[in-house]
Amino acid sequence: MATKIYITSALEHVEDEVKISGWLYNKTHKGKLIFLMIRDGTGIIQGVIFKNDIPEDIFEKCLHLPQESSLELTGKVVADKRAKGGAELQVKDVKIVQEAQEYPISPKEHGVDFLMDHRHLWLRSSKQHAILKIRHEIIKAARDYFDDLGFTLVDAPIFTPAACEGTTTLFETDYFDQKAYLTQSGQLYMEAGAMAFGKVYCFGPTFRAEKSKTRRHLTEFWMIEPEVAYCDLNQDMDLAEGMVEFIVRRVLKNRQQELEILERDVSLLEKIVRPFPRLHYNEAAKILQDAKADFVYGDDFGGGDETIISNKFDKPVMITHYPAQVKAFYMKADPEQPDHALCVDMLAPEGYGEIIGGGQREDDLDILLKKIKAHNLPEEAFKWYIDLRKYGSVPHAGFGMGIERTVAWICGLNHIRETIPFPRTIYRLYP
RNA sequence: UCCGGUGUAGCUCAAUCGGCAGAGCGGGUGGCUGUUAACCACUAGGUUGUAGGUUCGAGUCCUACCACCGGAGCCA
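Remember, predicted model here, so these are calculated numbers, not experimental data.

Undergrad: What is the right way to read a nonpolar patch on the surface from this model?
TA: Together, Phe159, Tyr175 and Phe176 make up an exposed nonpolar region whose accessible area comes to about 380 Å². The topology assignment puts Phe159 in strand S8 (residues 159-160). On the basis of relative accessibility, which here comes to 44%, the residue Phe159 falls in the partly exposed class.

Undergrad: Where do I start with the pairing of strand S16 (residues 337-341) in this structure?
TA: Walk down a regular strand and you will see the side chains alternate between the two sheet faces. Direction of pairing for strand S15 (residues 333-334) relative to S16: antiparallel, over a ladder of two bridges. By the bridge assignment for S16, Asp334 is matched with Gln337.

Undergrad: Quick question: what am I supposed to make of empty space enclosed by the protein here?
TA: It is the rolling of a water-molecule-sized probe over the atoms that shows where space remains empty. The final tally for this structure, using the stated rule, is two cavities of 30 Å³ or more. Empty space within the second largest cavity amounts to approximately 40 Å³. Along the walls of the second largest cavity sit Glu191, Met195, Leu388, Arg389, Ser393, Val394 and His396, which together make up its complete lining. Its residues placed into classes, the lining of the second largest cavity shows three nonpolar, two polar and two charged.

Undergrad: Explain the packing of aromatic side chains to me, please; I cannot follow it from the model alone.
TA: What describes a pair of aromatic rings is the distance from one ring centre to the other and the angle between the planes of the rings. Counted under the stated rule, the structure contains 19 aromatic pairs. Ring plane angle 20° and centroid distance 4.6 Å describe the contact between Tyr189 and Trp384, whose orientation is recorded as stacked. With Tyr189 in helix H5 (residues 187-197) and Trp384 in helix H12 (residues 383-387), this residue pair connects regions lying 195 residues apart in the sequence. With a centroid separation of 5.4 Å and 40° between ring planes, the pair formed by Phe295 and Phe301 is classed as tilted. The buried category is assigned to Phe295, whose relative accessible area is 12%. What makes Phe301 buried here is its relative accessible area of 8%. Grouping aromatic residues by their ring pairs yields a cluster made of Tyr145, Phe146, Phe151, Tyr201, Phe246 and Phe399.

Cut-offs applied
- Residues numbered from 1 in each chain as written.
- Chains lettered and ligands numbered in written order.
- Predicted model: local features only at pLDDT ≥ 70, side-chain atom pairs only at ≥ 80, totals over all residues.
- Heavy atoms only, no water.
- Patch = residues over 30% accessible without salt bridge, like charges linked within 9 Å, V, L, I, M, F, W, Y side chains within 5 Å.
- Areas by Shrake-Rupley, 256 points an atom, 1.4 Å probe, with all protein chains shown as cover.
- Salt bridge = Lys/Arg side-chain N within 4 Å of Asp/Glu carboxyl O.
- Helix = DSSP H or I, 4+ residues; strand = E, 2+ residues; numbered from the N terminus.
- Buried < 20%, exposed > 50% of the residue type's maximum accessible area, 1.4 Å probe, protein only.
- Pairing = 2+ DSSP bridges.
- 1 Å grid on protein atoms, 1.4 Å probe; cavity = no way out; pocket = protein on both sides within 12 Å on 5 of 7 lines; lining within 4 Å.
- Points joined across faces, edges and corners; volume = space filled by probe spheres on them.
- Nonpolar A, V, L, I, M, F, W, Y, C, P; charged D, E, K, R; others polar.
- Phe/Tyr/Trp six-rings, centres within 6.5 Å; stacked < 30°, edge-to-face > 60°.

Printed below as a string of structure tokens:
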């Protein structure tokens, strides 16, 4: 009786009679020989069918089997240098679970729009498969990092009563007899969590209704957001660089095969070790001025500015102390230079831009109230948030890391849309 | 929202000055016992994004619209 195996373990079953359940990835034939490339989600193996080994009608059926037909192959695993992966299946029996209709995605080239229209099928392709395996590894590593440090997962709500940051456009939705907004950050809720649990994080989707139309933007994306009580900016940066190093090391260790499929230059990832450079905003501004970039001191950095700065280093760069006016209301001002905020942005190398934004939060009740007023935010909606400064306020800090941008960087992709299973952009809500 | 670009067979793209609508892949049929995006032969496949306009004649020129791509701003 053949034992059922997954393709990933095929090399452990050489000379065994096995059964593999999967889908037809590709096919070729030569006279009395048929080569079936089978994938099962764990890997790809070649099944070889000799006409004389198998009933005539099954041979004929396999000859005309469309791509992505679902099948169960039974046969012996043999080592063979001619096969990719070093082993192949000598097929003795084929059970066709379903003969597929003509499959739209051929192994040849396709355009982005066509592939995105077929995203539900495109996920089966080896490159997309590799990206999403790495995405999973990154998410798991990030969670393990915080879990191992004693953080508690405290999930933030998706429906929120008002803007978290006020500046950006929100998705509005009907919520019974009132309006609700889809969250654009879990951070304010994490501040409440940090005061209850000390060290917390959330991991969930966030929504931005801005009509951004670049390779770095989605309308729906995922963030992991830690928040720590009794924590200052420097400790916050220690936490952030530790996490990024941990994630990269984990991907290099567990996802070599996927990085190879993506033809990622891993030597660049191997350089991602602590400490990461830390630059004051003024130092970063100097780099831009020396590079004669079209940049005005006091402004936030644009995408091109970020690339100029990050290209000076082969590690992620942390830029601190942005002018307070370009940052959100909850950022704490630096006591030594009050027009600068105790904040940090981490820029990924190779021009991938900002992957982390964070900093120390305003913990003084009166200053916070003034800032809410200055930003024209509805004080009523922030009543609970203000409460946190009334009942045992402490210095605290945190950050948010964008999962998709991190995946794009680690995978070496030039567009963020392939880093999430079903991307949402201003022009795409399907599939 | 602004700037630039693209839209032709199922897919990726050609089509010269405005003059017969084409190729490769994929599909179908046949051949081949070691293929890796196989190969060889034959074959089917078109409302040229939509609506107008100019012209003897429009895939090609003009106008509007639609869809998408790239970039800017905003941000993770």
